[in-house]
Amino acid sequence: QVQLVESGGGSVQPGGSLSLSCAASGSISSTDLMGWYRQAPGKERELVARFSFNSIINYAESAKGRFTISRDYAKNTVYLQMNSLKPEDTAVYYCNLKTPTMGGLRDYWGQGTQVTVSS
């Protein structure tokens, strides 16, 4: 079993920065894929940034140039540095971990952390 605990959300003015962290515990492997998704009110959950196979990083177009994902394998923690935040970045941000299994990738989700960008 895997547990994901996010931290670092909050409120910030447009143009500001926030840093999110997600600590994973339980049956973690270096082959697990970790990333960040977000869900705004009335919208579907969407990718923000993630590590794919071979450590390739995928960013949503809206995140490119402003957000940076990083991972500390020793601490089983993934980070999301968000700069130049915009009101449209307001959402609940979820940490995601994908574990390879015989049947494909299994998803685990954190409880989510609120990010609000408002003046």
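For the structure itself, look to the data block above.
Residues numbered from 1 in each chain as written. Predicted model: local features only at pLDDT ≥ 70, side-chain atom pairs only at ≥ 80, totals over all residues. Heavy atoms only, no water.

Undergrad: Which residues make up the side chain of Lys98, and what are the values?
TA: With respect to the helices, strands and loops of the structure, Lys98 is situated in strand E9 (residues 91-101). Looking at Lys98, its side chain comes within polar contact range of the side chain of Asp107, at 2.6 Å. Those residues in contact with Lys98 that lie beyond four places of it in its chain are Asp32, Leu33, Tyr37, Leu105, Arg106 and Asp107. (Helix = DSSP H or I, 4+ residues; strand = E, 2+ residues; numbered from the N terminus. Polar contact = N/O pair within 3.5 Å; in protein donor to acceptor, adjacent residues only side chain to side chain. Contact = heavy atoms within 4.5 Å.)

Undergrad: I'd like a rundown of the side chain of Thr99, residues and numbers included.
TA: By secondary structure assignment, the location of Thr99 is in strand E9. Within polar-contact distance, the side chain of Thr99 engages the side chain of Asp32 at 3.3 Å. Once residues lying within four places of it in the same chain are set aside, the contact partners of Thr99 are Asp32, Gly104, Leu105, Arg106 and Tyr108.

Undergrad: Describe the packing of aromatic side chains, listing the residues and the values that go with them.
TA: Per the stated rule, a full pass over the model turns up two aromatic pairs. It is Arg45 that lies over the ring of Tyr94; its NZ or CZ is 3.7 Å from the centre. The ring of Trp109 is capped by Arg45, whose NZ or CZ atom sits 4.5 Å from the centre of that ring. (Phe/Tyr/Trp six-rings, centres within 6.5 Å; stacked < 30°, edge-to-face > 60°. Lys NZ or Arg CZ within 6 Å of the ring centre and 35° of its normal.)

Undergrad: Any details on the pairing of strand E7 (residues 67-72)? Residues and values, ideally.
TA: Judged by which residues are buried, E7 turns out to be one-sided: Phe67, Ile69 and Arg71 face inward and are buried, whereas Thr68, Ser70 and Asp72, on the alternate face, are not. The sheet contact formed by E7 and strand E8 (residues 77-82) spans six bridges and is antiparallel. Its bridge partner lying in E8, Ser70 is registered against Tyr79. Connecting E7 to the antiparallel partner E8 that follows it, the hairpin turn spans four residues, and Asn76 within it adopts a positive phi of roughly 50°. (Buried < 20%, exposed > 50% of the residue type's maximum accessible area, 1.4 Å probe, protein only. Pairing = 2+ DSSP bridges.)

Undergrad: Could you give me a rundown of the sheet that holds E8, with the residues and numbers involved?
TA: Strand pairs in the sheet, formed through backbone hydrogen bonds, run parallel or antiparallel to each other. Read from one edge of the open sheet, four strands run E1-E3-E8-E7, paired in antiparallel fashion. The sheet is open, and its two borders are formed by strand E1 (2-7) and E7, each paired with just one other strand. The average undirected angle you get between the axes of adjacent strands in this sheet is 15°. (Axes fitted to C-alpha atoms, helices over the stretch in contact; angles between N-to-C directions.)

Undergrad: Now, about the pairing of E1: what can you tell me, with residues and values included?
TA: Of the two faces of E1, only one is covered, namely that formed by Val2, Leu4 and Glu6; the face formed by Gln3, Val5 and Ser7 stays uncovered. Summarising the sheet, E1 and strand E3 (residues 18-26) pair through six bridges and their orientation is antiparallel. Across the sheet, the residue bridging to Leu4 is Ala24, located in E3.

Undergrad: Give a detailed account of the nonpolar core, specifying residues and quantitative values.
TA: One broad trend across soluble globular proteins is that nonpolar side chains are buried collectively. Grouped together as the largest cluster of nonpolar side chains are 28 residues, with contacts concentrated most on Leu4, Trp36, Leu80, Met82 and Tyr93. At the level of secondary structure, the elements contributing two or more residues to this core comprise E1, E3, strand E4 (33-39), strand E5 (46-51), E7, E8, E9 and strand E11 (113-117). In this structure Tyr93 touches Glu6, Leu20, Trp36, Tyr37, Arg38, Val48, Phe67, Leu80, Met82, Gly112, Thr113 and Val115, once residues within four positions along its chain are discounted. (Core = buried A, V, L, I, M, F, W, Y, C linked by side-chain atoms within 4.5 Å.)

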